[in-house]
Amino acid sequence: MRPITGLVSIWFGIVMVVIVLFLGCLVAFTDVMTDRLYGNKRSFFIGLMFAYALYRSYRIYQQMKQKQDD
């Protein structure tokens with residue numbers, strides 16, 4: 001992977017993690033979208049957001065580790 005492409009990919013991943021964590025916290029701790037997301041659907045969506053943020057964080061870690069090894 002070219003250096004600039006790898007750097008853009010890492011920064012895009014970091015921005016996505018921040019956005020997804022913000023969305024998960026917003027839905028978890030406020031009454032945003034309570035008319036559409038309620039009960040188990042709301043809990044699943046919150047869990048999905050946090051799981052996706054964890055997955056993206058792991059992928060960023062792998063990319064940074066691989067870039068450091070090269």
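The following refers to the structure shown. This is a predicted model, so every value here is computed, not measured.

Cut-offs and rules
- Residues numbered from 1 in each chain as written.
- Predicted model: local features only at pLDDT ≥ 70, side-chain atom pairs only at ≥ 80, totals over all residues.
- Heavy atoms only, no water.
- Helix = DSSP H or I, 4+ residues; strand = E, 2+ residues; numbered from the N terminus.
- Rg over C-alpha atoms; globule rule 2.2 N^0.38 Å.
- Buried < 20%, exposed > 50% of the residue type's maximum accessible area, 1.4 Å probe, protein only.
- Areas by Shrake-Rupley, 256 points an atom, 1.4 Å probe, with all protein chains shown as cover.
- Lys, Arg positive; Asp, Glu negative; His and termini not counted.
- Charge placed at Lys NZ, Arg CZ, Asp CG, Glu CD.
- Expected span 1.5 Å × (residues − 1).
- Contact = heavy atoms within 4.5 Å.

A separate point is the overall build of the protein chain. The helix and strand inventory of the protein chain stands at two helices and zero strands. Taken over the C-alpha trace, the protein chain has a radius of gyration of 15 Å; the compact-globule value for 70 residues is 11 Å, which it surpasses by more than 25%. Judged by the C-alpha coordinates and their principal axes, the protein chain covers about 50 × 15 × 15 Å. Buried positions account for 20% of the 70 residues belonging to the protein chain. Summing over all exposed atoms, the protein chain offers an accessible surface of approximately 5600 Å²; the carbon and sulfur share of this is 68%. In the protein chain, 8 positive and 4 negative side-chain charges are present, and the distance between their average locations comes to 4 Å.

With 30 residues, helix α2 (residues 40-69) extends 43 Å between its outermost C-alpha atoms, agreeing within 8% with the 44 Å of an ideal straight helix rising 1.5 Å per residue. For α2, the set of buried residues is R42, I46, M49, A53, R56 and I60. On its buried face, α2 is in contact with α1 (3-29).

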